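Each chain, written out:
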Amino acid sequence: MSVVKLAPSILAADFARLGQQVSEAEHAGADRIHVDVMDGRFVRNLSMGPAIVQSIRRVTQLPLEIHLMISDPDFFLEEFAAAGSDSFLVHWESNNNLHRTVQRIRTLGKRAGVAINPATASGGLEEIVQDLDQVLVMTVNPGFGHQQFIRATLPKIGRVRELIERRRPACEVEVDGGIDATTAPLAVRAGATVLVAGSAIFGAREGVAAAMKRLQTALNHIDDETEAAEQSALQRSQRCSSE
Ligand code: DX5
Ligand code: ZN
C-alpha cells in the first residue's frame, strides 16, 4: 500500500450536498479534508469561511486543513481554529512576517504549513522550515480549481524534499493543483507525500468513491514499479558479485 496521503479539496464539491460528499471521501480513504479559503484580494475569487468549517467539523473525524489564500491570514486564525480546524497553510507571498504567523498558529495548538506559488523559489523556506509540519508546493497558480498541472514545478518539489530531509525530516511535502491519476505519480516521484485533489475527486462523473479509487490505484502502481526496480537492481548486484 502507498503511504502517500490524499487530501480532497472541497472547492470542487457540490455545496448543496457538502456533508454527504465529505463523508463519501472519508469512507473512500481520504486522510484529511482540504478547505480553500479565498478573499478576492490575494486571489481573484471568493470561497468559504469559518461557518463551512464548523459545519463539516460535525460530519467528519478527519483532520481539516485550511489553505488560506487571503492577504491577512493572522486576522482569521482564531476564528478558523475555534471552528474546528486542525492545520493552516499560509502563503509565503501574502506575508511579510511569516515567522510571526507560524508562531501564532503554533500557539493555537495547530499544525503549521507554508504554501509557495509556482514562481516562488524554494530557497526562502530554508529559514522557516524548522518550524513547519507541512510545505505546500502549488502546482497551479492559486485561485481556481480545475487548472492544468504545471510540470515545471516538478524539480522544485524535489528541491523542497531535499531541504526537508536536511532540515526537518518530519515535515510533509504536499502538492496542490491539477492532481489526477496522471499527474499524481509524477508529483510523488518528485518527492510529494500528500496530494490535494479537487476536481479529480469531487468533479468526477463516476462519483467520489470511484474517483478516490482511481487515484489510489495510480499511486499503488508507483509502489509496484519501485518494487520491480528494486528487485531488478538486487538481481543485477547479485549477478555481479557471483561473477
Ligand atoms: C487552487 C486551490 C486548490 C484547488 C485544486 O487555488 O488551492 O486546492 O481546489 O483543485 P484541482 O484539484 O481541481 O486543481
Ligand atoms: Zn488549496
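I will try to describe carefully the structure that is included in this document. (Residues numbered from 1 in each chain as written. Chains lettered and ligands numbered in written order. Predicted model: local features only at pLDDT ≥ 70, side-chain atom pairs only at ≥ 80, totals over all residues. Heavy atoms only, no water.)

Quick notes on helix α1 (residues 18-27)
In an α-helix, one turn spans 3.6 residues, which is why side chains three or four residues apart end up on the same side.
Moving on, step 1. Residues Leu18, Gln21, Val22, Ser23 and Ala25 constitute the buried set of α1.
Moving on, step 2. Looking one or two places after α1, you find Gly29, whose phi comes out positive at around 105°. (Buried < 20%, exposed > 50% of the residue type's maximum accessible area, 1.4 Å probe, protein only. Helix = DSSP H or I, 4+ residues; strand = E, 2+ residues; numbered from the N terminus.)

Here's the deal with the side chain of Ser94
Moving on, step 1. Tracing the sequence through the fold places Ser94 in the loop between β4 (87-91) and α4 (98-107).
Moving on, step 2. At a separation of 3.1 Å, a polar atom in the side chain of Ser94 contacts the main-chain carbonyl oxygen of His91. (Polar contact = N/O pair within 3.5 Å; in protein donor to acceptor, adjacent residues only side chain to side chain.)

Remarks on the site of ligand 1
Moving on, step 1. Every one of the 20 residues lining ligand 1 counts as a neighbour, but Ser9, Gly143, Asp176, Gly198 and Ser199 are closest to it.
Moving on, step 2. His146 has a polar backbone atom sitting 2.8 Å from an oxygen atom of ligand 1.
Moving on, step 3. At 2.7 Å, a side-chain N or O of Asp176 approaches an oxygen atom of ligand 1.
Moving on, step 4. Look at ligand 1: alone it shows 380 Å² of surface, and the protein chains cover 99% of it.
Moving on, step 5. Broken down by secondary-structure element, the contributors of at least two residues to the shell around ligand 1 are β2 (33-38), β3 (64-69) and β8 (194-197).
Moving on, step 6. Looking at the shell around ligand 1 residue by residue, the classes come out as 8 nonpolar, 10 polar and 2 charged. (Near = heavy atom within 4 Å. Areas by Shrake-Rupley, 256 points an atom, 1.4 Å probe, with all protein chains shown as cover. Nonpolar A, V, L, I, M, F, W, Y, C, P; charged D, E, K, R; others polar.)

Points about the packing of helix α5 (residues 154-167) against helix α6 (residues 183-190)
Moving on, step 1. Interhelical geometry of α5 versus α6 gives an angle of 35° and a closest axis separation of 8 Å. Of α6, the residues touching α5 (which contributes Leu154, Ile157, Gly158 and Arg161) are Leu186, Ala187 and Ala190.
Moving on, step 2. Classifying every residue of the contact of α5 with α6 by side-chain character gives 5 nonpolar, 1 polar and 1 charged. (Axes fitted to C-alpha atoms, helices over the stretch in contact; angles between N-to-C directions. Contact = heavy atoms within 4.5 Å.)

Digging into the packing of aromatic side chains
Moving on, step 1. Scanning all chains against the criterion turns up 1 aromatic pair.
Moving on, step 2. Seen from their ring centres, Phe75 and Phe76 are 5.1 Å apart, and the 85° between their planes marks the pair as edge-to-face. (Phe/Tyr/Trp six-rings, centres within 6.5 Å; stacked < 30°, edge-to-face > 60°.)

A few points about α5
Moving on, step 1. With 14 residues, α5 extends 20 Å between its outermost C-alpha atoms, agreeing within 8% with the 20 Å of an ideal straight helix rising 1.5 Å per residue.
Moving on, step 2. All of the buried residues in α5 are Leu154, Lys156, Ile157, Val160, Arg161, Leu163 and Ile164.
Moving on, step 3. On its buried side, α5 packs onto β5 (111-116), β6 (134-138), β7 (172-176) and α6. (Expected span 1.5 Å × (residues − 1).)

Considering the pattern of salt bridges
Side-chain pairs of opposite charge can arise where the charged atoms are in close proximity.
Moving on, step 1. Applying the stated criterion across every chain, the model contains 15 salt bridges.
Moving on, step 2. Between Glu65 and Arg32 there is a salt bridge, with its nearest N and O atoms 3.2 Å apart. Of this pair, Glu65 sits in strand β3 while Arg32 sits in the loop between α1 and β2, placing them 33 residues apart in sequence. Residues Glu65 and Arg32 agree in their burial class; the two are buried.
Moving on, step 3. The residue Arg32 makes a salt bridge to Glu172 at a minimum N-O spacing of 2.9 Å. Of the two residues, Arg32 is situated in the loop between α1 and β2 and Glu172 in strand β7; the sequence distance between them amounts to 140 residues.
Moving on, step 4. Residue Glu172 is classed as buried on the basis of its relative accessible area of 10%.
Moving on, step 5. Each member of the salt-bridge network shares a partner with another, and the members are Lys5, Arg32, Glu65, Arg111, Glu172 and Glu174. (Salt bridge = Lys/Arg side-chain N within 4 Å of Asp/Glu carboxyl O.)

Re the coordination of the zinc ion (ligand 2)
Six octahedrally arranged donors around a metal ideally form angles of 90 or 180 degrees; four tetrahedrally arranged donors ideally form angles of 109.5 degrees.
Moving on, step 1. Taken together, His34 (NE2), Asp36 (OD), His67 (ND1) and Asp176 (OD) make up the protein donors of the zinc ion (ligand 2), found 2.0 to 2.3 Å from the metal.
Moving on, step 2. Bound by 6 donor atoms, the zinc ion (ligand 2) shows angles of 71 to 171° at the metal and therefore octahedral coordination geometry.
Moving on, step 3. Sequence spacing of the donor residues for the zinc ion (ligand 2), all on one chain, is H-x1-D-x30-H-x108-D. Separated by 109 residues along the polypeptide, His67 in strand β3 and Asp176 in strand β7 bring together distant segments of the chain. The pair His67 / Asp176 is uniform in exposure class, with both members buried. (Donors = N, O, S within 2.8 Å, 3.2 Å for Na, K, Ca; no water. Tetrahedral: all angles 85-135°; square planar, octahedral: opposite > 155°, others 65-115°.)

Looking at the pairing of β6
Moving on, step 1. The buried fraction of β6 amounts to 5 of the 5 residues, a majority that puts the element mostly inside the structure.
Moving on, step 2. Of the strand pairs in this sheet, β5 and β6 are connected by 4 bridges, and their pairing is parallel. Residue pairing in the sheet places Val114 in a bridge with Val135 of β6.
Moving on, step 3. You can see the chain leave β6, run along α5 and come back into β7, and the turn it takes is right-handed. (Pairing = 2+ DSSP bridges. Right-handed = clockwise from strand over helix to strand, strands pointing away.)

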